Amino acid sequence: MKLHLVCFVYVILGVHGTNSSEKTSDAVLSSCSNMLQYQRDGNEWFGLVQVQSPNATKTLKLELLLSLPGRLPSQYVGSVELYRTKEETTRNVNSNQLVQYKVRFPLQDVLPKLDQISVNGQVRCTEPPESAPLVTQIRLYCTLFLESPQHQLGHAEPQQLNITGLHYVDAPQRPVNSLTAEEICGTSKYDSELSLGNETSISQKWPWLVPIYVYKAVTGPSFQCGGTLVSARIVVTTASCFLTTNGTVTANDVLIGLGRHNIINWMESGAQLATVKDLVIHSDFMLIEGSKDADIAIAVLQDRVEFTDNIRPICLWEGDQSLEGVVGQVGTVAGWGGKGVNGVNSVMLLTPEPKSIKMPIVSDVDCLRSSESYRYITSQRTFCAGSRDGLGPCKRDEGSGMMLKVNNKWMLRGIVSFVLSDPNYTCNVNEFVVFTDAAKFVSWIISFL
């Protein structure tokens, strides 16, 4: 059998009672405080919930109702996901053992209280919500669906777990998994050309463009940088994306927004929030202090993603990898970073929806002649681009890809690595932008596919 997992959330503000319409079990209800275990993973508090595995004829629908005093500071409301791996959960289901769920909390300084647990519509425990002038209630849903394949020779096939969505799932998108990554890469449902300038990208125009979030103890996931999906499990970005003032970010801290257009709309239709199994920063990065050589990293997703109209990979570069072959060509960059227009505080801005701009690739000679700074930050594996006209990528656009269209398919040629600052410490987009030359790292990327 196959198991499919769908999880999503619902939030209610200003509630002082549950008013649940669900059927209460005839059994004596347990205390909810005994059914949610608060545990710590490094700096993060999370909840552990365990329920009995479904049998061969039922789904397992888990519903949690949490409450905490006050109003949440952001739209992030937490999430529920499997605590064990797919393989471990499959074994537990096959052996009729407990299924374990991990509940991520929206805040770390104020942990929520568990008000109610329901399994397949039966209330297992219930308690009054928090008592405060304003109470936020969060309802988390997660359903395991059992799907029975045809069996041969009278032998039952072991159940397998297939996760179709880890966090917030609206209507399912049209799967296109009948096509391989190589066949579907670099194509999008909306493939019309954009005008020059920081134009808003329409949804599905760049289905490989992904926002990368870093989970923070107090505020939850926070947008960190952009990235590019290149296969069903691999996202390419910059190494500098994962280096912060607090040290190097770990895989457990990172979430990837697949099919996401609006980075602050957590309930966006067709989008998924994927967890990361491993982060790999190129070993050559930072070998030379100040240099942006090998500013590239790989995020390996926990699970393979199903391609849809919203989620597709870009093609890796093929053919001539020399810079001379693309000098003068105009690439497209899209991202959620600051406006990229010279002015006070532009360095601090983010845009909810991605902007895009076309940028001509220039020669190393032109780049080095334009400013002494490029002598120290560029290498044989970087290139410069831009019109030096006051428009371009800005802070937090790092990691976003430069796309070139070759033979009617979009290919990843560069990755935004560095933008010079002007005297006001804002983005100096009257200078060239430095890109990691992704073509020089194709073999390294392929080694992770």
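Please read all numbers here as calculations on a predicted model, not as lab measurements. Position labels on residues start from 1 in each chain and follow its written sequence. The model is predicted, so local features are restricted to residues of pLDDT at least 70 and side-chain atom pairs to those at 80 or more, both for listing and for counting; the totals for chains, interfaces and linings are taken over all residues. Side-chain measures here rest on the full set of heavy atoms in the structure, leaving out hydrogens and waters.

1. Side note on the pairing of strand E18 (residues 254-258)
Then comes step 1: Categorising residues by exposure relies on relative accessible area from a 1.4 Å probe, with only protein chains included: less than 20% of the type maximum marks a residue as buried, more than 50% marks it as exposed, and the intermediate range marks it as partly exposed. Each helix is a run of DSSP H or I of at least 4 residues and each strand a run of E of at least 2, with the numbering of both proceeding from the N terminus. Counted residue by residue, E18 has five buried out of five residues, so it is predominantly covered.
Then comes step 2: Burial of E18 is two-sided: the residues Val254, Ile256 and Leu258 facing one way and the residues Leu255 and Gly257 facing the other way are all buried.
Then comes step 3: Alignment of E18 against strand E19 (residues 272-281), held across four bridges, turns out to be antiparallel. Residue pairing in the sheet places Gly257 in a bridge with Leu273 of E19. Should DSSP find at least two bridges between two strands, the strands are taken to pair.

2. Quick word on the nonpolar core
The nonpolar side chains of soluble globular proteins are, as a tendency, buried together.
Then comes step 1: The nonpolar core is taken to be a set of buried Ala, Val, Leu, Ile, Met, Phe, Trp, Tyr and Cys residues, with the residues joined through side-chain atoms within 4.5 Å. Formed by 58 residues in total, the largest nonpolar core has its most connected members in Leu229, Val236, Ile256 and Leu258.
Then comes step 2: By residue number, the principal contributor to this core is strand E13 (residues 209-216), which donates six residues.
Then comes step 3: Sequence-distant contacts of Ile256, defined by excluding residues within four places in its chain, comprise Val210, Pro211, Ile212, Val235, Gln272, Leu273, Ala274, Val276, Ala299 and Leu301.
Then comes step 4: Ranked by size, the runner-up nonpolar core spans 26 residues in total, among them Val80, Tyr101, Leu107 and Leu140. By definition in these notes, contact holds between two residues if any of their heavy atoms fall within 4.5 Å.

3. Side note on the environment of Ser118
Then comes step 1: By the element assignment, Ser118 lies in strand E8 (residues 113-119).
Then comes step 2: Overall, the relative accessible area of 1% leaves Ser118 in the buried class.
Then comes step 3: In this structure, the C-alpha to C-alpha distance between Ser118 and Leu65, residues 53 residues apart in sequence, is 8.7 Å.

4. A look at the side chain of Ser379
Then comes step 1: By secondary structure assignment, the location of Ser379 is in the loop between helix H4 (374-377) and strand E24 (382-385).
Then comes step 2: On the basis of relative accessible area, Ser379 is assigned to the buried category, the value being 18%.
Then comes step 3: A distance of 2.8 Å separates polar atoms of two side chains, one belonging to Ser379 and the other to Asp293.
Then comes step 4: Definition of a polar contact: a pair of N or O atoms within 3.5 Å, with one able to donate and the other able to accept a hydrogen when the atoms are protein atoms, and with sequence-neighbouring residues admitted only if both atoms are side-chain atoms. A polar contact of 3.0 Å, which involves the side chain of Ser379, links it to the backbone nitrogen of Arg381.

5. Here we look at the sheet that holds strand E3 (residues 36-41)
Within a sheet, adjacent strands bond to each other through the backbone by hydrogen bonds, running parallel or antiparallel.
Then comes step 1: What the four strands build is an open sheet, ordered E3-E4-E7-E6; its pairing is antiparallel. The sheet is open, and its two borders are formed by E3 and strand E6 (79-82), each paired with just one other strand. Strand-to-strand twist of the sheet, defined as the mean angle between neighbouring strand axes without regard to direction, takes the value 35°.
Then comes step 2: Here four bridges tie E6 to strand E7 (residues 98-104), and the two strands are oriented antiparallel to one another. Residue Leu82 lies in a different strand from E7, and its bridge partner there is Tyr101. For helices, the axis comes from a line fit to the C-alpha atoms of the stretch in contact; other axes are also lines fit to C-alpha atoms, and the angle between any two N-to-C directions lies between 0 and 180 degrees.

6. Remarks on the environment of Thr136
Then comes step 1: Within the fold, Thr136 resides in strand E10 (residues 135-147).
Then comes step 2: Residue Thr136 is classed as buried on the basis of its relative accessible area of 0%.
Then comes step 3: The sequence separation of Thr136 and Gly70 amounts to 66 residues, and the corresponding C-alpha distance is 6.3 Å.

7. Some remarks on the pattern of salt bridges
Then comes step 1: One side-chain nitrogen of Lys or Arg within 4 Å of one carboxyl oxygen of Asp or Glu is enough to make a salt bridge. Applying the stated rule across the entire model yields 14 salt bridges.
Then comes step 2: Note that Lys102 is salt-bridged to Asp41, the shortest N-O span being 3.9 Å. With Lys102 in strand E7 and Asp41 in strand E3, this pair connects stretches of sequence that are 61 residues apart.
Then comes step 3: Using a relative accessible area of 9% as the deciding quantity, one classes Lys102 as buried.

8. Focus: the state of the cysteines
Then comes step 1: Any two cysteine sulfur atoms within 2.5 Å of one another count as a disulfide. According to the stated counting rule, one finds four disulfides in the structure shown.
Then comes step 2: Disulfide pairing is shown between Cys185 and Cys315; the S-S distance is 2.0 Å. Between Cys185 and Cys315, the disulfide has an S-S torsion of 90° and is therefore right-handed. Placement of Cys185 in the loop between helix H2 (181-184) and strand E12 (199-200) and of Cys315 in strand E21 (residues 315-316) is noted, with a sequence separation of 130 residues between them.
Then comes step 3: In this structure Cys185 comes out as buried when scored by relative accessible area, which is 10%.
Then comes step 4: Looking at Cys315, the relative accessible area reads 5%, which means it is buried.
Then comes step 5: Residue Cys225 pairs covalently with Cys241 via a disulfide, S to S 1.9 Å. Measuring handedness by torsion sign, the sulfur bridge of Cys225 and Cys241 sits at about -75° and is left-handed. Residue Cys225 is found in strand E14 (residues 220-229), and its partner Cys241 is found in the loop between strand E15 (234-237) and strand E16 (243-244); the two are separated by 16 residues along the sequence.
Then comes step 6: Using a relative accessible area of 2% as the deciding quantity, one classes Cys225 as buried.

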